[in-house]
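What follows is each chain in one-letter form.
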Amino acid sequence: EELRLSQRDRDRLIVLEGIERGHWGQREGALQMGLSTRWVRELLARRRQEGDGGIVHRLRGRRSNRRIGEQVRERVMAAVRQRYGDFGPTLACERLAAEGLRVSRETLRKWMAEEGLWQVRKKRLRQVHVWRARRAALGELVMMDSSRFRWLEERGPELYLIAMIDDATSRLWGRFVEHDSTEANLRTLGGWLERWGRPLSLYTDRNSLFVTTRPVQQAEQLRGKVTARTQFGRALYELGIGWMAAHSPQAKGRIERLFGTLQDRLVKQMRLAGVGTIEQANRYWEDVFLPLWEQRFTVEPRSKQDAHRELGAEQRLEQILSVRVGRQVSNDYTVSWRATTWALAREQARPGMRGARVEVEQRLDGTVWLRFRGSYLKLTPCPAPRPASPSGLRPPGLAASKAHTPPPNHPWRRKFLSG
């Protein structure tokens, strides 16, 4: 007769045979098997009566006494097929629990796999990446990235989600935007700064929004800059926030796994809530999903100290979180930027401003300012077509100078002809 024994059963047979041969007593054998002496005596009696098969568990091959009833399974799977057919077992388990149908995640996973609603993932060999422990304190390292996805499915346009996650606690912040632009990333960073302060370091990829390969300009050299910075990099520098760049997606695995979770969980929860516009998506994200995330996924850091720093009095977010470019003031006190001519009010003119190099600053609220010798002057767009003097500072009778053409008898021409 063929007898199938597990490794544990084979180990017990060796110990029981040693007890019967007198190599050790029942107490020593019980310690080796992790059983009580009473149960050792029971196994010895079964072996004498039934042979080696006596140590096999009596319920092997039978249905468990704690098996969930078929009626409960039918109710659960009917709800899954009707509302949560494309949900993962974890999220579906949470939604069913809210409806009063409580079943374990692994049981639901097994049922869904048996009915073809969930495909068991096979393990495959992957490149080995060394595990890294979380940072000790909140605010030591914050990861930032964006994900383009059909967050609203067919109910709305394709959107970007710019997200920030703390490495120590998994605290989360972000915004849905239509374009992954510098202004959108600055606005998302501003939301984190206003709520919790300045983190020590920010971890991003090597997107052109964060790193540039252009050479250092002359004006930057005069200001002591040793590397060229993007608008986002310049804002981090002025805020005193360190910047780290990842060289592979695996290096910033925490935020990569975050987007995998959000593309499954957030998308389906917004579907159930009927979210169909970007405004509704941002409202649902901030009012509903982030509190749920805080309760469900955040962890306690190893250190109770908060590494965030408060904003200083000299750190004006509306000025730092902006787009700045260098320009030259024309003789009529105007500057050109983004195919638009911008003019100063007459009373804002300063001595030495004409022909000077200045900075044009566009803030997140849409206003445009001119920075000259530490002062901020508001600019207004000139109507098109451009008049002769948009600012009104040039006298009306003073026309623009025309190119001078030397006469035929000019000394320069005579010298040229004689040569």
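Coordinates for the structure precede this section.
Values in this document were obtained by computation on a predicted structure and should not be read as measured data.

## Observations regarding the sheet that holds strand β9 (residues 357-363)
Here comes step 1: The 6 strands lie next to each other as β6-β9-β10-β11-β8-β7, forming an open sheet whose pairing is antiparallel. Among the strands making up the open sheet, the edge pair consists of β6 (322-328) and β7 (334-337). Averaged over all pairs of adjacent strands, the angle between strand axes in this sheet comes to 35°, irrespective of strand direction.

## Brief notes about the packing of aromatic side chains
Here comes step 1: In the structure shown here, the tally under the stated rule is 9 aromatic pairs.
Here comes step 2: With a centroid separation of 4.6 Å and 65° between ring planes, the pair formed by Trp192 and Trp196 is classed as edge-to-face. Within this pair, Trp192 and its partner Trp196 are both found in helix α7 (residues 182-196), separated by 4 residues, close to a single helical turn.
Here comes step 3: Accessibility expressed as a relative area gives 0% for Trp192, which makes it buried.
Here comes step 4: Taken together, the ring pairs in this structure connect Phe149, Trp151, Phe176, Trp285, Phe289, Trp293 and Phe297 into an aromatic cluster.
Here comes step 5: Over the ring of Tyr237 we find Arg229, and its NZ or CZ is 3.9 Å from the ring centre.
Here comes step 6: A cation over a ring is seen here: Arg363 above Tyr376, with NZ or CZ 5.3 Å from the ring centre.

## Structural notes on helix α5 (residues 89-98)
Here comes step 1: Taken together, the buried positions of α5 are occupied by Pro89, Leu91, Ala92, Cys93 and Leu96.
Here comes step 2: If you follow the buried residues of α5, they end up packed against α4 (70-83), α6 (105-114) and α10 (253-273).
Here comes step 3: Of the residues flanking the end of α5, it is Gly100, one or two places downstream, whose phi is positive at about 90°.

## Quick word on the packing of α4 against α6
Here comes step 1: Put simply, α4 and α6 touch, their axes get as near as 11 Å, and they point 70° apart. Here α4 lies roughly perpendicular to α6, going by the angle between them. Note that α4 runs across α6; the crossing there is right-handed. Within the contact between the two elements, α4 uses Arg73, Val76, Met77 and Val80 and α6 uses Leu108, Trp111, Met112 and Glu114.
Here comes step 2: Grouping the amino acids of the contact of α4 with α6 by side-chain chemistry returns 6 nonpolar, no polar and 2 charged.

What counts and how
Residues numbered from 1 in each chain as written. Predicted model: local features only at pLDDT ≥ 70, side-chain atom pairs only at ≥ 80, totals over all residues. Heavy atoms only, no water. Pairing = 2+ DSSP bridges. Helix = DSSP H or I, 4+ residues; strand = E, 2+ residues; numbered from the N terminus. Axes fitted to C-alpha atoms, helices over the stretch in contact; angles between N-to-C directions. Phe/Tyr/Trp six-rings, centres within 6.5 Å; stacked < 30°, edge-to-face > 60°. Buried < 20%, exposed > 50% of the residue type's maximum accessible area, 1.4 Å probe, protein only. Lys NZ or Arg CZ within 6 Å of the ring centre and 35° of its normal. Contact = heavy atoms within 4.5 Å. Parallel < 35°, antiparallel > 145°, perpendicular 65-115°, else oblique. Left-handed = near helix turned anticlockwise from the far one by under 90°. Nonpolar A, V, L, I, M, F, W, Y, C, P; charged D, E, K, R; others polar.

Taken by themselves, the reported measurements are silent on function.
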